[in-house]
Amino acid sequence: MTTNWAGNVDFSATRIARPASVAELQETVAANDRVRAFGTTHSFNDIADTTGVMVTVADLPSEVDVHPDRRTATVPAGVPFARVAAALQAQGLALSNLGSLPHISVAGAVATGTHGSGDRNPILSAQVSAVEYVRADGELATVRRGEDAFNGSVVALGALGIATRLELDVRETFDLRQDLFLDADWEPVLADFDAITSGTYSTSLFIQGWASAAIDQVLWKSTVDSGEPALPAGVRARRSLARAVSPVAAASDDTVTLQAGVPGPWLERLPHFRHDAAPSNAGDELQSEYFIDRSLAPRVLEALRREADRIDPALLVSEIRTMAADDLWLSGAYRRDTVGVHFTWKPDTTAVEGALAAVERVLADADARPHWGKLVGPAFADRLPRFPRGRAFRELAEYADPKGKFRNAFLDRVLGA
Ligand SMILES: Cc1cc2nc3c(=O)[nH]c(=O)nc-3n(C[C@H](O)[C@H](O)[C@H](O)COP(=O)(O)OP(=O)(O)OC[C@H]3O[C@@H](n4cnc5c(N)ncnc54)[C@H](O)[C@@H]3O)c2cc1C
């Protein structure tokens, strides 16, 4: 492995370590000056890179241990969500949300504040109740919800240590159905934005061109006890009857989880993409995303439509999702109910730079926070000042890692060299 999943970042590590035990991981961390964990390398920037040793925890023991008294499960940090989800489902349990793809590692997703959608669903990192990790001195430690600095230690960018296991909140398994509505006129959607996103468990709006008069897809994921899902009166759209339609126009529909209102277990409906297929545009893409206060969404989306001629030449698809507020310092939804404005770009760096300049002109005015695992333009390059507890996180990282063992170029840019 010399690049990330999308192939736009060349890793500069001297060596890749695959410890098979926690003791071996501790030795690796203690013995090297520069160490960095990587997950499944689905981030689009150099956040996982290092000039030292890149370490994966994918080969550590992979049991999932359920704690019925705490309604939690301890899961291995390095395995994909798909594996954890299958193990929980086998015991009649579930996570309350997943991202668009189940291929990503649990620790990698948690470290960058990865999220799904739903007005009442916080980001995936907010499901973490404890993190077990190897510190910079090689010692094994655990930080639990409620303890000092826990809220800074979950979306932690790999800066505090290497997670070995995570304890996640679990619930009873549940079924969902996906209903896809096509060509929804913009104006009624913006006028009734709250009703659209609160009307169901999870909503995604997909926009294949900001110049279009209609939103290409409104995807609703609904619990099956809530009756036949119907968009609010006044929102005109066609109900899709297809078994599945990809949000990326050029991509195969076979990669997408079953839609058409067919009920199925949470792990086969919450992700947009099937665990056994290449997600999205199969890596022939770049991605950016920004988080705004949800009350600003209609105004910001209108402003982005006015930039369509600068955005659309680089765009494969945009996705609009919602998240409930949380208390994690580096979360995009820290202390505010949030709307995520996402862009899947064509792999054309020059076109993307032009589009990002237009996007960031709009989003800088909206107090937006960037996604830690995706690309930004110059206006958001420093990232950390966009997060109200950014300074507290910098102090925590300096305290946890005084010699900069887990530092890399990304963290030097964000936290200061
Ligand atoms: C097709 C596609 C779809 C996506 N969909 C979504 C989505 O729906 N929602 C969303 O929010 N994001 C989404 N993303 C972004 C993705 O979720 C994040 O980039 C996520 O961090 C990827 O996880 P990973 O395991 O690949 O992490 P990597 O990219 O490998 O690493 C990311 C960070 O995690 C750290 N890390 C990894 N393992 C550990 C560990 N054991 N201990 C400590 N730190 C660790 C690394 O050091 C690095 O800082 C998507 C990406 C792709 C490619």
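Everything that follows concerns the structure shown earlier in this document.
Quick caveat, the model's predicted, so the values are computed rather than measured.

**Q** Got a sec to walk through the packing of aromatic side chains? Specific residues and values, please.
**A** Tallied over the full model, the rule gives nine aromatic pairs. For the pair Phe-343 and Trp-345, a centre-to-centre distance of 5.0 Å together with 5° between the ring planes defines the contact as stacked. Across the pair, Trp-345 and Phe-343 agree in class, each one buried. Linked through ring pairs, Trp-186, Trp-210, Phe-343 and Trp-345 together constitute an aromatic cluster. Across the ring face of Phe-174, the terminal group of Arg-171 is positioned such that the distance to the ring centre comes to 3.8 Å. The aromatic ring of Trp-329 is capped on one face by Arg-389, whose charged end is 4.6 Å from the ring centroid.

**Q** I'd like a rundown of the nonpolar core, residues and numbers included.
**A** Formed by 78 residues in total, the largest nonpolar core has its most connected members in Leu-88, Leu-166, Trp-266, Trp-372 and Phe-393. Of the residues that make up this core, three or more belong to each of domain 1 (65-173) and domain 2 (175-380). Not counting residues within four places of it along the chain, the set of residues in contact with Leu-88 comprises Val-64, Ala-73, Leu-93, Ala-94, Leu-95, Val-170 and Trp-266. By size, the runner-up hydrophobic cluster in this structure holds 44 residues, among which are Phe-181, Trp-210, Phe-343 and Ala-366.

**Q** Could you give me a rundown of the site of the ligand, with the residues and numbers involved?
**A** Neighbouring the ligand are 36 residues; Ala-37, Gly-39, His-42, Ser-43 and Ser-105 lie closest to it. Ser-105 places a polar side-chain atom, nitrogen or oxygen, 2.7 Å from an oxygen atom of the ligand. Backbone polar atom of Leu-157 to an oxygen atom of the ligand: 3.2 Å apart, as the coordinates give it. In isolation the ligand has 970 Å² of accessible area, and contact with the protein removes 98% of it. Every element with two or more residues in the shell around the ligand is listed here: strand S2 (35-37), helix H3 (106-111) and strand S9 (162-169). Among the elements that make up the shell around the ligand, the one with the highest residue count is H3 (four residues). Along the lines of polarity and charge, the residues of the shell around the ligand split into 15 nonpolar, 18 polar and three charged. For the shell around the ligand, the domains that each give at least three residues are domain 1 (65-173) and domain 2 (175-380).

Reading the values: rules and limits
Residues numbered from 1 in each chain as written. Predicted model: local features only at pLDDT ≥ 70, side-chain atom pairs only at ≥ 80, totals over all residues. Heavy atoms only, no water. Phe/Tyr/Trp six-rings, centres within 6.5 Å; stacked < 30°, edge-to-face > 60°. Buried < 20%, exposed > 50% of the residue type's maximum accessible area, 1.4 Å probe, protein only. Lys NZ or Arg CZ within 6 Å of the ring centre and 35° of its normal. Core = buried A, V, L, I, M, F, W, Y, C linked by side-chain atoms within 4.5 Å. Domains from an automatic or database assignment. Contact = heavy atoms within 4.5 Å. Near = heavy atom within 4 Å. Polar contact = N/O pair within 3.5 Å; in protein donor to acceptor, adjacent residues only side chain to side chain. Areas by Shrake-Rupley, 256 points an atom, 1.4 Å probe, with all protein chains shown as cover. Helix = DSSP H or I, 4+ residues; strand = E, 2+ residues; numbered from the N terminus. Nonpolar A, V, L, I, M, F, W, Y, C, P; charged D, E, K, R; others polar.

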